[in-house]
Every structure is written in C-alpha cells, then in structure tokens.
Number of protein chains: 2
Amino acid sequence: MTVTRDDVVAAAARLAGLVRRTPALRVPALDAQAGAAVWLKCENLQDVGAFKARGALHAALRLSPEARARGLVTYSSGNHAQAVAAAARRLGVPATIAMPVDAPAVKVRGVEALGGVIVRAGTTSTERRAAALEVVARTGGALIEPFDDDDVIAGQGTATLELLEQVADAGEALDALAVPVGGGGLLAGAALACAGTGVAVWAVEPVAADAMGRSLAAGERVAVTPGPTIADGLKPVQVGARNLAIARAHVAGAVTVDDAEIGRAVVALLLHGKVLAEPSGAAALAAALAGLPGRPARVGVIISGGNVEPALVAHLLAEHAGA
Amino acid sequence: MTVTRDDVVAAAARLAGLVRRTPALRVPALDAQAGAAVWLKCENLQDVGAFKARGALHAALRLSPEARARGLVTYSSGNHAQAVAAAARRLGVPATIAMPVDAPAVKVRGVEALGGVIVRAGTTSTERRAAALEVVARTGGALIEPFDDDDVIAGQGTATLELLEQVADAGEALDALAVPVGGGGLLAGAALACAGTGVAVWAVEPVAADAMGRSLAAGERVAVTPGPTIADGLKPVQVGARNLAIARAHVAGAVTVDDAEIGRAVVALLLHGKVLAEPSGAAALAAALAGLPGRPARVGVIISGGNVEPALVAHLLAEHAGA
C-alpha cells in the first residue's frame, strides 16, 4: 500500500477548479432522526451526478500527454462510465466504454451525450473488463479502472477532504464518517483522507452485497454473490485489493442496511433535505439514521450519487411517504 | 419608496451566519434546454425550505429587544408561517400564526414542530390578517408582514445579493435574473439587489395569477381572482404596495408560465439538478427554460422553495418523466 493522505491532498490540488466543491448540507429533521448532528456531503450534486467524476478525472490527469492523447478506456455499468466520458471530453480526447448488453437506456444515453463510444460486452464485469482490455490492446488507450487504482482512490478521497474542511470552517469536527461501498474506491479515499484525524470511518453496504464486511472479517478478499437490492451501484462481486488493504488499515468497521432502510433514507433526504439521491447514494445516510456503532454525536455522510430512474423515485415516494 | 440597495447590503450583514448561504448550482442539461448559462440560487435548501427564512428573521432582528420579547405574530397559509416560527425560536420569543382552517396538515405540523402557536382563522387572507391583528392588540406582539414591509423586502433581497457574489466569484456576471412572484417580497428584494448592476430582473407569475404583470401594465395595483395553479405560493389577490413601487422602478418586466411548464421544470430540476423545488419554487426556472425576453446569455434563477407534498412529486414524475 503506497497511496497515503498526502496523495489525496495532492489530488485535491490537481482537481481544484475542475470538479465541483459540492455543498455539505445540514438538515435539522435528519439530525433529529439520527440522534446526531449530520453533515451530508452532496456528491449527487457533483458533475455527472456522482463522486466518480473525481477519481476518473484525476486518473486521466495523471497520464502523460502522449498516453492521454490515445484516449481513455473503461468498463462500467454505472456512474463510472459517464465519469470517464466526461473526463475525456474535458481533456479533448476520445473515450471508449465497455457496457453490458443490458445496460439501462438512460445510462447509455448519458455516455453518448458526453461523446463516449460504447462497446457492448456481455452481462458480467469480467466480460466488460476483457472487452476494455481488447480496446486498450488495439488503440493504445489508457484503462481507467473503476476502483482498484491508486490515482482513482486518491481522487475519490478529495470528496472527504472537502467535507473535513467544510465542517472545520463551521467550527466543528466529525466523530465519524459513513461511506457507501461498492468496490471500495470512495471508502479507501475517505479512509486515507481521515487518516490521523480521529474520525472513525464506517463502510456501509447493502445486506445483500456485503463483500467489504466479509472481507474485513476474513482479513482477505471474499467474493460474494450479490442478492437483489435497489442499491445497484453497490453490487460488485468483490472489493478491490488496494481498497481492502487501505480499509484494513484505516476503517473502523462495516455495517449493513436493508432496502427498506435505504428507501426510507432516499425519501427522507428528498422531502426534508430537498436533494435527490440514488439508492446507492443514500445507503450511508440510512446507516446514520439507524445509528452508527458507538452512537457518535457528529457524523459525516457521503451522499455518493443521484442518478436514478424517475419511476423508482415515484415508487419509493409511494412506499415510504404515502404518495 | 425609502428602501434601497444599501438596506439589502445592511440586511446581509445582520443575517450573516444566521441564515444559510445557499448554493448557486450549475446544471449542464438545464443550460442546454434554456439555451443559456443558468445559475440556480437554491433557496429550497434554505432553513425551513424557503427564502422566507431571510425576511422573517431580518424583520424580527430589526425590532427593539422589548418589542421582540412580546413575541412575533403573523398570518400565512404557507412558508412564511414556518419562517416566522423559526425566527421566534431562534430569538427565544413566542410566535403566534393565524392560519386558515383548511391549512394542509403538513404545514400546520411544520409550524407546531418549531414551537409556533396556531390560531385558526377562516379561509381568506383578509380573515387571517384580522385574526393576527387581534393577537397583536391583545399581546403587544410584533406583526411580521409576509411581503409588504421594508425590512422583509431587504431580507429577501439578500438571496439575490449572495447570488451576484457567487456568480462574480466564478468570474462571470449575469445578464438577467428570473424571480417568482406572489406578493412580491422576493422580487422587490431582488430588484433592489440588482439596482445599478445592469442585471435585467424579470417577474415570473403563473398565467392564472398574474397580479404583478397586470399591475405593472396598469401602473397601479390591480387585484386579480387567482385561477387554479399548482404554484400555490404564487396566488395572492394583489401584490404589495411597496413591492409594486420597487418593481416599477427597477424591474424589466413580467412573464407568465403555465402549470405544464412549471411541472416540467420541477421534474427537470429534480432529475438533472438533483434538487427538489415546490411548483412555486420552480416557476422562474420554467420561464428561463422557455426563454426570457431578449434571450439573455447568462441567467440567474431563484429557486424559491422546496416544500411540496410527496404525492404531488410522484404525480409530476408520472406526468412529465413517464414514471
């Protein structure tokens, strides 16, 4: 493990002015539900609607101009696809994204609207990665990994670094931070950003896809078969190797939330906080509302993204707000 | 007309640290729809979910300590009720609010949750105001007018003053600003904040409740009978006298939007911008998306509030996003 807090600080300097400094919101009604003071770091208001904009652009900025000119390549069924397409557009280079044949039309359109070229590749992450590597071999393009990469991790960590600054600017300090976990890029970055600060970082996963919790318990990467969950961004088969190593060194532990808790968190955030999170993006809030271990008094929560189908929003409102 | 831009600047100094500096969001997909660069001043993320927090607290701060101690009194069926209750709670004094007998339960609960005492008074604004004046006569409390008041207007203007600063901090300047109009408090404050800056301020009203447009055309206050509109916060029978005088001096003109345009703006803001506005709060965005007169290139939009029934959000998603 070579990436450190200093790398997150350096990433923030490289990304300054190129990604959004998203707001850190306070919502009294959510504080009351959580029994804690909660700061919501709204990465749903980030470019492309998710924190993924940070890591993808940072990794692209770290390439040599020659490597970058041959284009960016990645594989993703979710927000990382749009993030790489957006980074390539900003840098004026091509982007090729391997997406599953059953990718939602809204995500395909999102990538295409940003000028990305889509290669359809099976339905599994393994098939997508193979297709992306084939593009790299053919074009000499640079593969931007979704999470298991030092530059991606350092980039994602800048969200947490900003949050710590925003809380400090308000004259406060966090006791704990809740972070949603898929492959572990956001978590690893958050853990590095909090290293040495005394902030307890908690990994939050769906009960149906708890690869990080199981891996932390086993002390090594454990593959899982994700069950159904509305948190579609938190369903990798296993977490990244770098991500687990950083988590083992710097994370307080892992907790799980179920779909009902996630759905209620989406609705509470929307009606009380007036911001829209996708289910994956509200998972950490769900954990904070349920109460983190040790009941910390001042809790940061990363709202990681806001890209969600309109029909799902309407469904969750009907289910949890009686709409 | 004695209130000026200096009063808005002074109000901002008094309110510093007591109300939120709400974000000014940029949303590329909305820029594309509007054919302009749009800055969204998100007062739906303000305390109590609306800009009303500013004017109510500013008016309360301008009272002498003796007057303030006798309590705040107002009349409102909407966000001003919660704003006065919140101001009173912050200042540690009682609040009494005259609300209609048919007030929505969610708004009654909102006032009660903030410690406000509710007096039920008929169904019209005239009945509510009479009930509030009776409370003032009995208790010696201070009436906080909803919009036709210099201190309320100066307080509401601080939202626009912040937006101008935020745009300038980004190295830009606005050509125009779109502001939703009910009684005209937000508009008058915005017009004062923009006085001398070269920003063209546009009043935006529902077609069914265009009291400001008719009054500007007539050169005097014209009472209207508001028709049905989902923009329930933009339905006063007539605008304020001070508000019209300021608008006549400083506003470029008035435009109208219909319910379908407002509904589409709510949905576009939610899905692309990830923030929730109430219909009244999205009216100015609807006007910007339709194109303001003269097609200004750089447009500010005040998103004035976000307090909306969950069922209406679900209905608008079904109608305008196919949810």
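The model shown is predicted, which means the values in this text are computed figures rather than measured ones.

### So, the domain arrangement of chain A
All names here are of chain A.
Thought 1: On domain assignment, one finds that chain A holds domain 1 (5-51 + 150-320) and domain 2 (53-143).
Thought 2: The gap between the C-alpha centroids of domain 1 and domain 2 is 24 Å.
Thought 3: On inspection of domain 1 and its partner domain 2, the count reaches four salt bridges.
Thought 4: For E162, the salt bridge identified is with R54, shortest N-O distance 3.1 Å.
Thought 5: Counting across the interface, domain 1 meets domain 2 through 14 residue pairs in polar contact (both at pLDDT 80 or more).
Thought 6: Counting only elements with at least two residues in the side of domain 1 that touches domain 2, the list comes to α1 (5-15) and α8 (150-169).
Thought 7: In terms of residues, the side of domain 1 that touches domain 2 owes the most to one element, α8, which gives eight residues.
Thought 8: A breakdown of the residues in the side of domain 1 that touches domain 2 according to their chemical character gives 10 nonpolar, six polar and 10 charged.

### Quick notes on the environment of E309 of chain A
Residue and element names in this part refer to chain A.
Thought 1: Along the chain, E309 falls in the loop between β10 (298-303) and α14 (310-320).
Thought 2: Looking at E309, the relative accessible area reads 38%, which means it is partly exposed.
Thought 3: For the pair E309 and E278, spaced 31 residues apart in sequence, the C-alpha separation works out to 8.4 Å.
Thought 4: Ignoring anything within four residues of it in the chain, the contact list for E309 reads P104 and V106.

### Here we look at the side chain of D210 of chain A
Thought 1: With respect to the secondary-structure elements, D210 of chain A resides in the loop between β8 (200-206) and α10 (211-218).
Thought 2: Setting aside residues no more than four positions away along its own chain, D210 of chain A makes contact with E205, V224 and T256 of chain A.

### So, the confidence of the model for chain A
Thought 1: A residue-level look at chain A finds 99% of positions with pLDDT of 70 or above and a mean pLDDT of 96.
Thought 2: Across the interface, the model reports ipTM at 0.94; the global pTM reads 0.95.

### Re unusual backbone geometry
Thought 1: One non-glycine residue, R295 of chain A, lies in the positive phi region at around 45 degrees.
Thought 2: In this fold, R295 of chain A is placed in the loop between α13 (279-290) and β10.

### Thoughts on the relation of the copies chain A and chain B
Thought 1: Turning chain A through 180 degrees and shifting it by 0.0 Å along the axis lays it on chain B, with an RMSD of 0.0 Å. The two molecules are tied by a two-fold rotation axis, judged by turn and shift.

### What about the packing of helix α12 (residues 259-273) of chain A against α14 of chain A?
Residue and element names in this part refer to chain A.
Thought 1: Contact geometry for α12 and α14: axes closest at 9 Å, N-to-C directions at 100 degrees. As the angle between them shows, α12 and α14 are arranged roughly perpendicular. Between α12 and α14, the contacting residues are A260, G263, R264, V266, V267, L270 and L271 on the first element and V313, L316, L317 and H320 on the second.
Thought 2: Broken down by class, the residue content of the contact of α12 with α14 amounts to eight nonpolar, two polar and one charged.

Reading the values: rules and limits
- Residues numbered from 1 in each chain as written.
- Chains lettered and ligands numbered in written order.
- Predicted model: local features only at pLDDT ≥ 70, side-chain atom pairs only at ≥ 80, totals over all residues.
- Heavy atoms only, no water.
- Domains from an automatic or database assignment.
- Salt bridge = Lys/Arg side-chain N within 4 Å of Asp/Glu carboxyl O.
- Polar contact = N/O pair within 3.5 Å; in protein donor to acceptor, adjacent residues only side chain to side chain.
- Helix = DSSP H or I, 4+ residues; strand = E, 2+ residues; numbered from the N terminus.
- Nonpolar A, V, L, I, M, F, W, Y, C, P; charged D, E, K, R; others polar.
- Buried < 20%, exposed > 50% of the residue type's maximum accessible area, 1.4 Å probe, protein only.
- Contact = heavy atoms within 4.5 Å.
- pLDDT = per-residue confidence, 0-100.
- Least-squares fit on C-alpha atoms with pLDDT ≥ 70 in both.
- Axes fitted to C-alpha atoms, helices over the stretch in contact; angles between N-to-C directions.
- Parallel < 35°, antiparallel > 145°, perpendicular 65-115°, else oblique.

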